[in-house]
Amino acid sequence: MTKSSDRTLQVLLFASLRDQAGWDEQCIFIPDKDVVTAEDIWHQLKLGPRPLSVQIAINQQLVSPLTPVQIGDEVAFLPPFTGG
Amino acid sequence: MKLHFSHPLLVVEAMTRKPDLIVEIHSHSFDPWVQLSDWSSNAAASASFIGRVRPAAENGSSLEALELTHYSGLCEGLIRQDAERLLMAQGAKRALVMHRVGRLLPTEVIVLVAVEADRRGPAQRCCMSLLEAIKHQAPFWKKEWRNGQGSWVSGNTPL
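Let me sum up the structure you'll find in this document. (Residues numbered from 1 in each chain as written. Chains lettered and ligands numbered in written order. Predicted model: local features only at pLDDT ≥ 70, side-chain atom pairs only at ≥ 80, totals over all residues.)

Bringing the overall build of chain B into the picture now. In terms of regular secondary structure, chain B is built from 4 helices and 8 strands. Sequence-ordered secondary structure for chain B, helices as α and strands as β, is α-β-α-β-β-α-β-β-β-α-β-β. Looking at the 159 residues of chain B, the share that counts as buried comes to 35%. Taking contacts inside chain B between residues at least 6 apart in sequence as the whole, the part at least 24 apart equals 72%. (Helix = DSSP H or I, 4+ residues; strand = E, 2+ residues; numbered from the N terminus. Buried ≥ 20, exposed ≤ 12 C-beta atoms within 10 Å, placed from the backbone. Contact = placed C-beta atoms within 7 Å.)

The structure is reproduced here in structure tokens:
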């Protein structure tokens, strides 16, 4: 059985989201339910509704907001890209 | 994987052939002309793009510096995926991508993209498509510094 203290994942924020939240990386507890999605993790961050332009990556792969997360995942929230 | 060659010259060619794709993120300035010279082969056609920091911010005021951040790992992976797809789709042979992160001053080089092919069309099309892919699909973010204040750039400049 997984202890509640083990049910964590790593959340990364970038650029304007870092400024908004005041942090860039945090260990977050996964809610105790059967399926937890990346969108559920966003709501847990209390940063308001997720702008549609904010993309999500799990373990360095871009995914849809409804992709389930797993214990130990790296979940990143990415504002619109402005490179080049 | 073990490679088998039927002729000694093929062994030499395989050992000396330059890689088809190089993607590098640099935290320090680089000279694009030196990099191009080192990377270039004798391909029949080549196209390249060098992007530099503008002296003006998005709102037209004077820019002190541009700060670039990226999501290490995902960024390089996505550029490689795009480059491999575009080289194949455009029929080009080799590509070089070098991109800066960190604090850049006006006129410093942000990005170098170069492509080699057998003909000018594939080289030019692939270079342009790869640059656009980097601008829109690679996780880089720019922050403009003016009068000691930083603000995140909201979007890419028009083509």
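Moving on to the overall build of chain A. Looking only at helices and strands, chain A has 2 helices and 5 strands in total. When the helices and strands of chain A are read in sequence order from the N terminus, they spell out β-α-β-α-β-β-β. Relative to the globule expectation of 12 Å for 84 residues, the C-alpha radius of gyration of chain A, 13 Å, shows essentially globular dimensions. Taken along the three principal axes of its C-alpha coordinates, chain A extends 45 × 25 × 20 Å. Across the 84 residues that make up chain A, the buried fraction comes to 26%. A separation of at least 24 residues holds for 55% of the contacts in chain A among residues at least 6 apart in sequence. (Rg over C-alpha atoms; globule rule 2.2 N^0.38 Å.)

Okay, the interface of chain A and chain B next. Listed as interface residues are 13 residues of chain A and, on the opposing side, 22 residues of chain B. Class assignment of the residues belonging to the side of chain A that touches chain B gives a composition of 8 nonpolar, 5 polar and no charged. (Nonpolar A, V, L, I, M, F, W, Y, C, P; charged D, E, K, R; others polar.)

Attention now moves to the environment of Leu86(B). All names here are of chain B. Here Leu86 is to be found in helix H3 (residues 74-90). When the 21 C-beta atoms within 10 Å are taken as the criterion, Leu86 is described as buried. C-alpha of Leu86 to C-alpha of Gly121: the two residues are 35 residues apart in sequence and 13 Å apart in space. Once you skip the residues sitting within four places of it in the chain, Leu86 turns out to touch Cys126, Ser129, Leu130 and Ala133.

To continue, consider the sheet that holds strand S3 (residues 55-58) of chain A. Residues and elements named next belong to chain A. Pairing is mixed in the open sheet, where 5 strands are placed in the order S2-S1-S5-S3-S4. Of all strands in the sheet, those with a lone pairing partner are strand S2 (25-29) and strand S4 (61-63), marking the two edges. For this sheet, the mean inter-axis angle between neighbouring strands, taken without regard to orientation, is 30°. Judged from the 3 bridges that link them, S3 and S4 form a sheet pairing that is antiparallel. Looking across to S4, one finds that Ile56 is bridged to Val63. (Pairing = 2+ DSSP bridges. Axes fitted to C-alpha atoms, helices over the stretch in contact; angles between N-to-C directions.)

Across its 17 residues, H3(B) extends 24 Å between first and last C-alpha, which sits within 8% of the 24 Å expected from 1.5 Å per residue. Of all the residues in H3(B), the buried ones are Leu74(B), Cys75(B), Leu78(B), Ile79(B), Asp82(B), Ala83(B), Leu86(B), Leu87(B) and Gln90(B). Buried residues along H3(B) sit in contact with S3 of chain A together with strand S1 (21-26), strand S3 (65-70), strand S4 (94-100), helix H4 (120-137) and strand S7 (140-146) of chain B. Following H3(B) by one or two positions, Gly91(B) has its phi on the positive side, about 70°. (Expected span 1.5 Å × (residues − 1).)

This next bit is on the sheet that holds S7(B). Residue and element names in this part refer to chain B. Judged by pairing direction, the sheet is antiparallel, and its 4 strands sit side by side in the order S5-S3-S7-S8 without closing on themselves. Strand pairing shows two members of the sheet lacking a second neighbour, strand S5 (102-104) and strand S8 (149-152), which therefore form its edges. Each strand axis lies, on average, 25° off the axis of its neighbour in the sheet, ignoring direction. One ladder, built from 4 bridges, connects S7 with S8; its direction is antiparallel. Following the sheet pairing, Lys143 is matched in S8 by Trp152.

By secondary structure assignment, the location of Gly77(B) is in helix H3. Separated by 61 residues in sequence, Gly77(B) and Ala138(B) place their C-alpha atoms 8.9 Å apart.

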